[in-house]
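One letter stands for each residue in the lines below.
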Amino acid sequence: MCGIVGYIGSRDAFPILIKGLKRLEYRGYDSAGVALLSESNHLNVYKVKGKVSGLEESVQKEDISGTIGIAHTRWATHGEPSKINAHPHVSASGKLALIHNGIIENYNVLKERLQQKGYSFTSSTDTEVLVQLIDYMKESGKLDLLTAVRLALREVVGAYALAIIDYTNPDEVIVARKSSPLVIGIGENEFFIASDATPIVEYTDKVVYLEDEDIAILKRGEPLKVIDFSNEELNLEVQTIELNLGQLEKGGYPHFMLKEIFEQPDCLRDCMRGRLRVEENEVILSAVMDHKDKLLEAKRIIIVACGTSWHAALIGRQLIEHYCRIPVQVEYASEFRYSNPVVGGGDIVISISQSGETADTLAAVELARQRGAFIYGICNAVGSSIPRNTHTGSYIHVGPEIGVASTKAFTGQVTVLAMLALTLAKVKGTVKPEELQEILKEFETIPEKMKKALETNEQIASLSKTFTYASNFIYLGRGYNYPVALEGALKLKEISYIHAEGYPAAEMKHGPIALIDTEMPVVVIATHNSLYEKLLSNVQEIKARKGKVIALVSEGDETISKIADYCIELPKTVEALDPLITTIPLQLMAYHIAVCKGKDVDQPRNLAKSVTVE
Ligand code: M6R
């Protein structure tokens, strides 16, 4: 994973780099480092184990001058998190410093070759091999940096977004990408480099997204130039980005996660805007309308995704099957890509990803595309790799999600999936006008109902204190709320480090019921829907074994609320949209339990927001 930032221009590079790293810390935060070419033309490299704030503190007495520099925040792949393994890595000649996001798969072979040439290595990273390879090419062939990078990358197998500087040429940064994202911001006589646009938006809205095997030359006083591996100059597509700086700040909330939970009503309004047309009794997702013939021909749909996006996919399956009567298969992208899947022409593959950069999801998309499937992307990050590598798609438009635990992206994904199902169902004639009108009217009220659900925040904050003792949790749901149970459990696991299992409620009796004792908190999603009576029996089974039941019920519930130990009342909605409401208290509960336990909510251990390695 990792976040990379770079700058060349006339301003002091260091503050720009540090600010940029902080914006990218969601990508990894186990170590950080910076390399600057100082005013006196020294290559100064500073690194720490830990977060960017630690790096900032550690350089207070150091020379941080310079108008050219590169910086990195790491999520370890090769080599433990440590100062030595932190980037930038410096070459044996002492001239080059390099930052890298990705994995060099053939690093062992390259390392042995370089060792035979007399190179030695101090870190356990694949990145150090890369910088030494470039150094070797440059020094042994007496090449300029650009040519050395170009020739070295021809020998590299793997993924990279990299930036490299050379203290013998303080007017140039070379960057390159393959399978890891890289954006270049173009300012007035200055360039910015970053893993995504968030560190750049403060300075310019003009950006170029590099494509695979692009190498870019950022030179003072010269326009941006991009070449391919055979040294052919490529045309540049300069894009204008619309990112609001306010969206990237905490806005008075203690954590991004809480801010993002509370933003959901507004986010969903943005997501539905212009698409939901209740009076006309229609939903228009333009990508569906533009490709309706392809979608109508589909014999089946396969959805590929990871993590929270995979949970949204499970809800999407129910929505599409119910409203469109098309069979849907949901696959973990990581499994799909290696399963020699039966997929090809006539199949529609929907890929769901918040970041648009998840390596497994991208690989699944690529495989399905090679085999002839039509690919539809559902994504949040505008301009990221998924939207650029799919035939068509829809953005969820919920704004940047910074907290590592996904919240508003999940409800945005479910909203888009519901709109997709309803758009297609209307075209296909598989939904009656009255049924469509009913759900559309309800859809419109969801943001307000979410606001009501958010009013449970204080109740949940106080209830959460009771459960900090727990080392296990069970989450149960059925139908549309079974994926919500999985998502609730994932949220708790990732930020509070409490083991949690999501389960279909009726499956309890086939095994997990053995886990129930007086210590076991069981969250049951038991809002009023067609399976309510069944859930009532499930709750009784747990109570009979003295489990502690925390039930999510609909307002006015008089049955389960009497049996459960704790009850959270939520506004009623139609079954298909219930996940948009029931998810909220589970996000809040995970948040408050993690806060009570003193955990780092926005940057939980071992995780990163964007999983760009497999
Ligand atoms: O960016 P993506 O939606 O492709 O990310 C997929 C997962 O890595 C992500 O949902 C992860 O599970 C979250 N941390 C969950 O909160």
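Refer to the structure printed above.
Residues numbered from 1 in each chain as written. Predicted model: local features only at pLDDT ≥ 70, side-chain atom pairs only at ≥ 80, totals over all residues. Heavy atoms only, no water.

A. Spotlight on the packing of aromatic side chains. As enumerated under the stated definition, the model contains nine aromatic pairs in all. Here the aromatic rings of Phe-467 and Tyr-469 are separated by 6.1 Å at their centres, their planes lie at 35 degrees, and the arrangement is tilted. By relative accessible area, Phe-467 is classed as buried at 1%. The class of Tyr-469 is partly exposed, set by a relative accessible area of 39%. One aromatic cluster is present, built from ring pairs that chain together Phe-467, Tyr-469, Phe-473, Tyr-475 and Tyr-566. When the ring centre of Tyr-29 is taken as origin, the NZ or CZ atom of Lys-51, which lies over that ring, is 5.3 Å away. Over the ring of Phe-121 we find Lys-111, and its NZ or CZ is 5.3 Å from the ring centre. (Phe/Tyr/Trp six-rings, centres within 6.5 Å; stacked < 30°, edge-to-face > 60°. Buried < 20%, exposed > 50% of the residue type's maximum accessible area, 1.4 Å probe, protein only. Lys NZ or Arg CZ within 6 Å of the ring centre and 35° of its normal.)

B. Representation of helix H1 (residues 13–24) in the model. Taking 1.5 Å of rise per residue, the 12 residues of H1 would be expected to cover 16 Å, and the 16 Å separating its terminal C-alpha atoms lies within 8% of that figure. Burial runs high along H1: nine of the 12 residues are buried. Within H1, the full set of buried residues consists of Ala-13, Phe-14, Ile-16, Leu-17, Ile-18, Gly-20, Leu-21, Arg-23 and Leu-24. The inward-facing, buried residues of H1 contact strand S1 (3–8), strand S2 (31–37), helix H2 (52–58), strand S4 (68–74) and strand S10 (191–194). (Helix = DSSP H or I, 4+ residues; strand = E, 2+ residues; numbered from the N terminus. Expected span 1.5 Å × (residues − 1). Contact = heavy atoms within 4.5 Å.)

C. Looking closely at unusual backbone geometry. Pro-88 follows His-87 through a cis peptide bond whose omega is 0 degrees. Secondary-structure assignment places Pro-88 in the loop between S4 and strand S5 (89–90). The phi angle at Arg-325 is positive, at roughly 55 degrees, despite the residue not being glycine. Tracing the backbone through its elements, the reader meets Arg-325 in the loop between helix H10 (307–324) and strand S18 (328–332).

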